[in-house]
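Examining the three-dimensional arrangement
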Amino acid sequence: MLLFVFFRGMNGFSHFAFLLWGLAFGPLVTMFQTAVSHQVTEAKAVATSVQSSVFNFSIMIATWLSGLILVNMPETGVLGIVYLSILCFVPAIIITFISKKTLDAPTVG
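**As for the overall build of the protein**
Along the backbone of the protein there are 5 helices and 0 strands. Taken from the N to the C terminus, the helices and strands of the protein come in the order α-α-α-α-α. A compact globule built from 109 residues should have a C-alpha radius of gyration of about 13 Å, whereas the protein, at 17 Å, is more than 25% larger. Out of the 109 residues belonging to the protein, those deemed buried represent 15%. Put simply, 38% of the contacts in the protein that link residues at least 6 apart link residues at least 24 apart. Roughly 8400 Å² of accessible area belongs to the protein as shown, and the carbon and sulfur atoms make up 75% of that amount.

Below you can see the structure in the form of structure tokens.
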């Protein structure tokens, strides 16, 4: 997302940023489902289904918010969406570091 901010208007960098985004987020669902299935001992199908549903729900929410930004704040344009994603990235990093302690704990079972 920072590539979009620093190199706005330069098509080559925009294409490269989309390539990086696809490489980073494409395999996420599979990686999350694997992580969830390693964390639970029973009802793995339910756990991975919930994870997949929450992942898709988050995409829906992000798409809705992006649409609101484009409609209600047209002066920000697509960069408003980029800034929103960067803003959401900060709490995600914090949650990741906090949850890492929980995920590294030995599983019971």
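Having put the structure on the table, let's press on.
**Topic: the confidence of the model for the protein**
Per-residue pLDDT for the protein has a mean of 83; in total, 93% of the residues score no lower than 70. Mean pLDDT across the elements of the protein bottoms out in helix α1 (residues 2-6) (78) and peaks in helix α4 (residues 44-72) (89).

**Here's the deal with the environment of lysine 44**
Among the secondary structure elements, lysine 44 is positioned in helix α4. Sequence separation of lysine 44 and tryptophan 64 is 20 residues, and the distance between their C-alpha atoms is 30 Å.

**Brief notes about the packing of aromatic side chains**
In this structure the tally under the stated criterion is 2 aromatic pairs. Seen from their ring centres, phenylalanine 7 and phenylalanine 13 are 3.9 Å apart, and the 10° between their planes marks the pair as stacked. For phenylalanine 13, a relative accessible area of 32% puts it in the partly exposed group. Aromatic pair phenylalanine 32 and phenylalanine 55: ring centres 5.9 Å apart, planes at 70°, arrangement edge-to-face.

**Some details on the packing of helix α3 (residues 28-39) against α4**
The packing of two helices is summarised by the inter-axis angle and the distance between the axes. Between α3 and α4, whose axes approach to 9 Å, the crossing angle comes to 145°. Crossing angle aside, the handedness with which α3 passes α4 is right-handed. Where α3 abuts α4, its residues Leu28, Val29, Phe32, Gln33, Val36 and Ser37 lie against Lys44, Ala47, Thr48, Gln51, Ser52 and Phe55. Tallied by class, the residues present in the contact of α3 with α4 amount to 6 nonpolar, 5 polar and 1 charged.

Procedures and definitions
- Residues numbered from 1 in each chain as written.
- Predicted model: local features only at pLDDT ≥ 70, side-chain atom pairs only at ≥ 80, totals over all residues.
- Heavy atoms only, no water.
- Helix = DSSP H or I, 4+ residues; strand = E, 2+ residues; numbered from the N terminus.
- Rg over C-alpha atoms; globule rule 2.2 N^0.38 Å.
- Buried < 20%, exposed > 50% of the residue type's maximum accessible area, 1.4 Å probe, protein only.
- Contact = heavy atoms within 4.5 Å.
- Areas by Shrake-Rupley, 256 points an atom, 1.4 Å probe, with all protein chains shown as cover.
- pLDDT = per-residue confidence, 0-100.
- Phe/Tyr/Trp six-rings, centres within 6.5 Å; stacked < 30°, edge-to-face > 60°.
- Axes fitted to C-alpha atoms, helices over the stretch in contact; angles between N-to-C directions.
- Left-handed = near helix turned anticlockwise from the far one by under 90°.
- Nonpolar A, V, L, I, M, F, W, Y, C, P; charged D, E, K, R; others polar.

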